[in-house]
Every structure is written in C-alpha cells, then in structure tokens.
Amino acid sequence: EVQLLESGGGLVQPGGSLRLSCAASGFTFSSSGMSWVRQAPGKGLEWVSGIRGTADSTYYADSVKGRFTISRDNSKNTLYLQMNSLSVEDTAIYYCAKGTVHLGDYWGQGTLVTVSS
Amino acid sequence: DVVMTQSPLSLPVTLGQPASISCRSSQSLVHSDGNTYLSWFQQRPGQSPRRLIYKVSDRDSGVPDRFSGSGSGTDFTLKISRVEAEDVGVYYCMQGTHWPRTFGQGTKVEIK
C-alpha cells in the first residue's frame, strides 16, 4: 500500500524558515518523481515544486523560486521542502504527491504551515 | 505559465442528473512525446485531493465509470453521467505537460 506522510509544519514568523518532510512507502521511491502542492485556507490547489526520481532536475513555481528548495534522500525514501524567507502568503496546507508528469495518483494527508507574527 | 480556466466555478446539480465541467488551457497540452497530460482531481470537504482522470480520459483505479474525461489540444471536459451524493466537492483540472504545472481554479459541485 502506497503511503505518503508529511511532517514539519507549524507556526513560523514572517521571514523565518521551515523544512517539510514526506516519508514514502509502498512503491519504488527512487524511480518516481515527486511534487509538493499547497492549498491556502479556503483557496484552490497550487503546484509548488517537483523533482525527478534521480534528483537531477528540480522545478519551482515562480511564487517560491529562490526561497524554497526541493530535495530527496532516496536511501531514506524521503522528500523534503526547505522553505526560507516565509511570508504570510505561504500559509497553507502543504501536500506531498507522487509523480511529476503523472502527478497525483497518491497524496499525503498534508501538513499545515502558518506564517504569522 | 499555462493558464487553466475552468467553468463553471459553481455547479448545483440534481441527484441522478448529469454534470459537466469545462477546462481550457492557454496553450496546447500536447507533449513532445505525443501524449496530452491533462488530469482531473476531486477534493471532498476536509480531504486530500484524489485523482480521477489522467492523460485526458484514462480513469484511475477504483474511480466509478460514471466519471469520464474527454478533449484535446486546449479544450477538455469532465463529465459525471449521474451525480451521486458522494460526488459533492471541488473538482480541479491540472496540466502536466509544461513547467510549471498549473491547476484550474476549481469547480464546486453541490446538490440542489
């Protein structure tokens, strides 16, 4: 059974940093691209970032480029999102999703990031 | 970036009746490999999104056959043949052809 379990969310002040993790199981993690998708309170889905299975290519939405870094540790079956220079506009539920092209056959339950002073 | 435009944004439907959601992209979604990477997602209240359709018309495992996808190029449609109570939620299209990936604004389906 495929499982994606996000962690690392919480309350952070504007300008602060946070690192999200997504622990994957039930599939060959190193062979799968992975993505982060977020959803601000009461809003729609926004794709944030993606990374290929071999981690040789990474992609970002313009809204986070230069502030967020996606990475992965295939030995630990874990996906990461390092978020720096956070602003209130980054407040959202962050979902980890399997895939980059065939994105979204599996999703995690999400982790809430709240940026507030 | 490719803009995905859904219509309508709100869709009140009667149980047992059909429903249709349109999704238009600002650029062709035909990939250089010949595939068209257009997906549809359902998000029920309080839940994570669930993919229903990928590559325009391929249904994901476990998705009822009352859901169907169609279209080509820049114009796509999700149809529900007979709406059931469990279909209430927000539906999103998403393109996986171009970077960055982009979602439509979402269509809220509710029962009349």
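Please read these numbers as outputs of a predicted model, since none were measured by experiment.

Participant: Can you help me understand the pairing of strand 9 (residues 89–95) of chain B in this one?
Facilitator: The side chains of a regular strand alternate between both faces of the sheet. Residues and elements named next belong to chain B. Taken across its 7 residues, strand 9 has 6 buried, putting it largely inside the fold. In this sheet, strand 9 lies alongside strand 4 (residues 38–43) in antiparallel orientation, the contact comprising 6 bridges. Bridge pairing in strand 9 places Leu38 opposite Gln95. Bridge count between strand 9 and strand 11 (residues 107–111): 3 bridges; the pairing is antiparallel. Its bridge partner being in strand 11, Val90 is matched across the sheet by Lys108. Pairing geometry for strand 9 and strand 10 (residues 102–103), over 2 bridges, is antiparallel. Residue Gln95 lies in a different strand from strand 10, and its bridge partner there is Thr102. Between strand 9 and strand 10, which follow one another and run antiparallel, lie 6 residues.

Participant: Looking at this structure, how should I read the environment of Asn77(A)?
Facilitator: Residue and element names in this part refer to chain A. If you trace the backbone, Asn77 turns up in the loop between strand 7 (68–73) and strand 8 (78–83). A relative accessible area of 27% places Asn77 in the partly exposed class. For the pair formed by Asn77 and Ala24, sequence separation is 53 residues and the distance between their alpha carbons is 5.5 Å. Those residues within four positions of Asn77 in sequence are excluded, and the remaining contacts are Cys22, Ala23, Ala24 and Phe29.

Participant: Would you mind showing me how to read the pattern of salt bridges here?
Facilitator: Two side chains carrying opposite charge are able to pair once their charged atoms lie near each other. Taken as a whole and judged by the stated rule, the model has 10 salt bridges over all chains. A salt bridge links Asp105(A) to Lys98(A); its shortest N-O distance comes to 3.3 Å. Exposure remark for Asp105(A): the relative accessible area of 27% places this residue in the partly exposed category. Classification of Lys98(A) by relative accessible area gives buried; the value is 16%. The partner of Glu86(B) in a salt bridge is Arg66(B), and the shortest N-O contact between them spans 2.8 Å. Of this pair, Glu86(B) sits in the loop between strand 8 (75–80) and strand 9 while Arg66(B) sits in the loop between strand 6 (58–59) and strand 7 (67–72), and the two are 20 residues apart along the sequence. Given a relative accessible area of 40%, Glu86(B) falls into the partly exposed group. Each of Arg38(A), Glu46(A), Arg67(A) and Asp90(A) takes part in one network of salt bridges that share partners.

Participant: Just to check I follow, could you spell out the packing of aromatic side chains for this structure?
Facilitator: The description of two aromatic rings rests on the distance between their centres and on the angle between their planes. Here the structure, examined in full by the defined rule, presents 7 aromatic pairs over all chains. On the numbers, 3.6 Å between centres and 0° between planes, the contact of Tyr59(A) with Trp99(B) is stacked. Taken together, the residues Tyr59(A) in strand 6 (residues 58–60) and Trp99(B) in the loop between strand 9 and strand 10 connect one chain to another. Judged by relative accessible area, which is 27%, Trp99(B) ranks as partly exposed. Taking 6.0 Å as the distance between ring centres and 55° as the angle between the ring planes, the aromatic pair formed by Phe41(B) and Phe103(B) counts as tilted. Taken together, the residues Phe41(B) in strand 4 and Phe103(B) in strand 10 connect sequence positions 62 residues apart. Taken individually, Phe41(B) and Phe103(B) each receive the classification buried, so the pair is uniform in this respect. Joined through ring pairs, the aromatic side chains of Tyr95(A), Trp107(A), Phe41(B) and Phe103(B) make up one cluster. The ring of Phe29(A) carries Arg72(A) above its face, with NZ or CZ at 4.2 Å from the centroid.

Participant: Help me understand the interface of chain B and chain A in this model?
Facilitator: Accessible area lost upon the coming together of the parts is a frequently used measure of interface size. Taken together, the contacts link 18 residues of chain B with 22 residues of chain A. Around 1,600 Å² of area is buried between chain B and chain A when both sides are counted, 63% of it from carbon and sulfur atoms. Counting across the interface, chain B meets chain A through 7 residue pairs in polar contact (both at pLDDT 80 or more). Looking at the side of chain B that touches chain A, the elements that each hand over two or more residues are strand 4, strand 5 (50–54) and strand 9 of chain B. Class assignment for the residues of the side of chain B that touches chain A results in 9 nonpolar, 4 polar and 5 charged.

Reading the values: the criteria
- Residues numbered from 1 in each chain as written.
- Chains lettered and ligands numbered in written order.
- Predicted model: local features only at pLDDT ≥ 70, side-chain atom pairs only at ≥ 80, totals over all residues.
- Heavy atoms only, no water.
- Buried < 20%, exposed > 50% of the residue type's maximum accessible area, 1.4 Å probe, protein only.
- Helix = DSSP H or I, 4+ residues; strand = E, 2+ residues; numbered from the N terminus.
- Pairing = 2+ DSSP bridges.
- Contact = heavy atoms within 4.5 Å.
- Salt bridge = Lys/Arg side-chain N within 4 Å of Asp/Glu carboxyl O.
- Phe/Tyr/Trp six-rings, centres within 6.5 Å; stacked < 30°, edge-to-face > 60°.
- Lys NZ or Arg CZ within 6 Å of the ring centre and 35° of its normal.
- Buried area = accessible area lost by both parts, 1.4 Å probe.
- Polar contact = N/O pair within 3.5 Å; in protein donor to acceptor, adjacent residues only side chain to side chain.
- Nonpolar A, V, L, I, M, F, W, Y, C, P; charged D, E, K, R; others polar.

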